[in-house]
Amino acid sequence: MTTIDDYTEEARQLDKEPAMSVEGLEAWYGESHVLHGLSFDIREGEVVSLLGRNGAGKTTTLKSLLGLVEKRKGSVVYRGQQLIGMPLRKIAPLGIGYVPEERGIFSGLTVKENLLLPPEVRPGGMSLDQIYELFPNLRQRLSSQGSKLSGGEQQMLAIARILRTGARFILMDEPSEGLAPVIIEQIGETVKRLKNEGFTIILVEQNLQFASDFADRHYIIEQGTVAEEISNSELVNDMEKVRSYLSV
Amino acid sequence: MLELIGISTYSLFGQLLVGLINGAFYAILSLGLAVIFGLLNIINFTHGAQYMMGAFAAWMMLNYLGMGYWPALVAGPVIVALTGIAIERSMISKLYRVDHLYGLLLTFGIGLIITGIFRNYYGSAGLPYPVPDVFQGGIDLGFMYLPVYRLWVICASALICLATWLVIEKTKLGAYLRAATENPSLVEAFGINVPRLMTLTYGFGAWLAAMAGVLAAPMYSVNPNMGIDLLIVVFAVVVIGGMGSIAGAIVTGFALGLIEGLTKVFYPEASSTVIFVVMAIVLLVRPAGLFGKVA
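We now turn to the structure provided with this report. For clarity, every value in this text was computed on a predicted model and none was experimentally measured.

A few words now on the overall build of chain B. Counting its regular elements, chain B contains 11 helices and 2 strands. Helices (α) and strands (β) of chain B occur, in sequence order from the N terminus, as α-α-α-α-β-β-α-α-α-α-α-α-α. Rg of the C-alpha trace for chain B: 19 Å, near the compact-globule value of 19 Å for 295 residues, within the 12% margin. Overall, the C-alpha framework of chain B stretches about 65 × 50 × 35 Å when taken along its three principal axes. Here chain B holds 295 residues, and 47% of them are scored as buried. The contacts in chain B between residues at least 6 apart in sequence include a share of 77% that link residues at least 24 apart.

Shown next as structure tokens:
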């Protein structure tokens, strides 16, 4: 995987501009007004996490960035381009990868077909060999049906198939959810490595410890808006306080 | 032994052959319906009209353009597929956001309109279409008489079904289709043009129906109503087989055709209803269909 690629240079020029800038984002599911004017930004190479209780709007936020919600308003500018109004299928080619909360592994496809499904969007994506080196379990399960994988394997596959595409801006929704601690550690190693390679990641998480292992900053989402922004050191120092605040 | 029950082998196998042919058409048409329903969530009531248009395309090419069977086999289904694409782009796609019942009603209406237009110009009497020279005549196998053209229809149908299965289950395009059937928005979030995939899938379903129509033209008279009765039975076949698998649709189609044929030999009065009886039983015992995926 290359660390200096064709648009890091461009990013240096845009250094003063965040990679993504979200302004007043609103979203609806049918009649239900779920996001009420959310604003945040994320710089190139940063890992930012969205924390919050269940139902706060974290997953909806990620979906609204892509356009997976019924209705949205506001502004989402990614490297100078307004994403609101863009058809969903034009988002991935911008270099944005999505690892959904439910993992989205297709049961009607083999592991290999799942892995190869998302088309390449940027040069410099991981090769299959590099992916098998990162996730050795996947190599052994290539011809299995997607549904036969364990939760941890599905999570690895969901991340792996995005890494193959060359996307460098990743939206990751609760990657540690429902996984055994040993697997969580493995996923954590992967995310750490991606961060070191210069990926930009928006991470939705309920596991504060996991988020604090690599995020630079955290936004606490509450009732569809940003309630607070805290740095990672603030989170680490006050983790119990934040945890009890979020569990109320 | 058969002579004891007053049935000759010629009669039995002759009827089984008819059953197999019907089964081949049930397989091709239920395959088309299943593929369309899987991705678009629309029950394509226009399918019968598309079958009929395939037969008419062959007839028109012969009588208006002097073009024979082989060009008809190639061009006919393509023309009908293009009309299908036009219908999907201009009308069906507008209904994806709303209750899928509206798609059913729309395709039902379109089917009626198309059938009505053809009936208006061509009446209800059948128009003849000749069997191509190379397939004329038949072979006496000793226990049955096998018309060459019917042998061709069975082989061609089996080939089409096999090719469809291979494309869907073994190719990259098929993987896109299977994935989009499960989770269309996620597939689109990966950058794949799912709306275009839906259009092509509808076109392909129409192509399958029309292909069956061209194959049918020399056997049954070409008439505007030929799709109507067939479609009702095909829906029953789809319910029995379930929407879950391509292979399931194919196997169910052929099997039910044979069952219908057998019933015709031993209990002819029931032959037109036996498939619906099977459908009722399957709905009671295994509502998702024999090969259906339980939601």
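Here we come to helix 2 (residues 58–66) of chain A. Residues and elements named next belong to chain A. Among the 9 residues in helix 2, 9 count as buried, and that is most of the element. Residues of helix 2 that are buried: Lys58, Thr59, Thr60, Thr61, Leu62, Lys63, Ser64, Leu65 and Leu66. Immediately beyond the C-terminal end of helix 2, within one or two residues, lies Gly67, with a positive phi of roughly 105°.

Residue and element names in this part refer to chain A. Of all the 6 residues making up strand 8 (residues 200–205), 6 are buried; the element is thus mostly covered by neighbouring parts of the structure. Side chains of strand 8 alternate between two faces, with Thr200, Ile202 and Val204 and Ile201, Leu203 and Glu205 buried alike. Relative to strand 8, strand 3 (residues 47–51) runs parallel, the two being bridged by 5 bridges. Note that in strand 8 the partner of Leu50 across the bridge is Val204. Since strand 7 (residues 169–173) and strand 8 lie parallel, the crossover through helix 7 (residues 181–196) that links them has a hand, and here it is right-handed.

Either a parallel or an antiparallel arrangement is found when strands of a sheet pair, and the pairing is made through backbone hydrogen bonds. All names here are of chain A. With mixed pairing, 6 strands are arranged side by side in an open sheet as 6-7-8-3-9-10. A strand with exactly one partner marks an edge of an open sheet, and here the two such strands are strand 6 (96–99) and strand 10 (225–231). Between one strand axis and the next, the sheet turns by 20° as a mean value, whatever way the strands run.

Before going further, it helps to spend a moment on the pairing of strand 1 (residues 20–29) of chain A. Residue and element names in this part refer to chain A. Sheet topology note: the strand 1/strand 2 (residues 32–42) ladder contains 8 bridges and is antiparallel. Bridge pairing links Trp28 to His33 in strand 2. From the end of strand 1 to the start of strand 2, which pair antiparallel, there are 2 residues, and Gly30 there has a positive phi angle of about 60°. Note: strand 1 against strand 4 (residues 71–78), 7 bridges, orientation antiparallel. When the bridges of strand 4 are listed, Glu23 appears paired with Ser75.

With that settled, consider the packing of helix 1 (residues 9–40) of chain B against helix 9 (residues 226–241) of chain B. Residue and element names in this part refer to chain B. Contact geometry of helix 1 with helix 9 gives a least axis separation of 9 Å together with a crossing angle of 70°. Classified by the angle between their axes, helix 1 and helix 9 sit roughly perpendicular to one another. As for the relative orientation of helix 1 and helix 9, their crossing is right-handed in sense. Residues Phe25, Tyr26, Leu29, Ser30, Leu33 and Ala34 of helix 1 form the contact with helix 9, whose participating residues are Leu230, Val233, Val234, Val237, Val238 and Gly241. By residue class, the composition of the contact of helix 1 with helix 9 is 10 nonpolar, 2 polar and no charged.

Here we take up the sheet that holds strand 2 of chain A. The strand order across the open sheet formed by 4 strands is 2-1-4-5 (chain A), and the pairing between neighbours is antiparallel. Strands with a single pairing partner mark the edges of an open sheet, and in this sheet they are strand 2 and strand 5 (81–82) of chain A.

What follows concerns the nonpolar core. Within the largest apolar cluster, 152 residues are counted, with the highest numbers of intra-cluster contacts made by Ile28(B), Leu29(B), Leu31(B), Ala55(B), Ala210(B), Ala212(B) and Val234(B). For this core, the element with the highest residue contribution is helix 8 (residues 194–216) of chain B, accounting for 15 residues.

Residue and element names in this part refer to chain A. A positive phi angle is found at Arg79, which is not glycine, with a value near 45°. Relative to the helices and strands, Arg79 is located in the loop between strand 4 and strand 5. If you check the backbone angles, Glu174 has positive phi at about 45° while not being a glycine. We classify Glu174 as buried; it has 22 C-beta atoms within 10 Å.

This part covers the packing of helix 9 of chain B against helix 11 (residues 274–285) of chain B. Residue and element names in this part refer to chain B. The contact between helix 9 and helix 11 brings their axes to 9 Å, and the two run at 30°. Judged by the inter-axis angle, helix 9 sits roughly parallel to helix 11. As for the relative orientation of helix 9 and helix 11, their crossing is left-handed in sense. Of the residues in helix 11, those in contact with Val233, Ala236, Val237, Val239 and Ile240 of helix 9 are Ile275, Phe276, Val278, Met279, Val282 and Leu283.

So, how was this worked out
- Residues numbered from 1 in each chain as written.
- Chains lettered and ligands numbered in written order.
- Predicted model: local features only at pLDDT ≥ 70, side-chain atom pairs only at ≥ 80, totals over all residues.
- Helix = DSSP H or I, 4+ residues; strand = E, 2+ residues; numbered from the N terminus.
- Rg over C-alpha atoms; globule rule 2.2 N^0.38 Å.
- Buried ≥ 20, exposed ≤ 12 C-beta atoms within 10 Å, placed from the backbone.
- Contact = placed C-beta atoms within 7 Å.
- Pairing = 2+ DSSP bridges.
- Right-handed = clockwise from strand over helix to strand, strands pointing away.
- Axes fitted to C-alpha atoms, helices over the stretch in contact; angles between N-to-C directions.
- Parallel < 35°, antiparallel > 145°, perpendicular 65-115°, else oblique.
- Left-handed = near helix turned anticlockwise from the far one by under 90°.
- Nonpolar A, V, L, I, M, F, W, Y, C, P; charged D, E, K, R; others polar.
- Core = buried A, V, L, I, M, F, W, Y, C linked by C-beta atoms within 7 Å.

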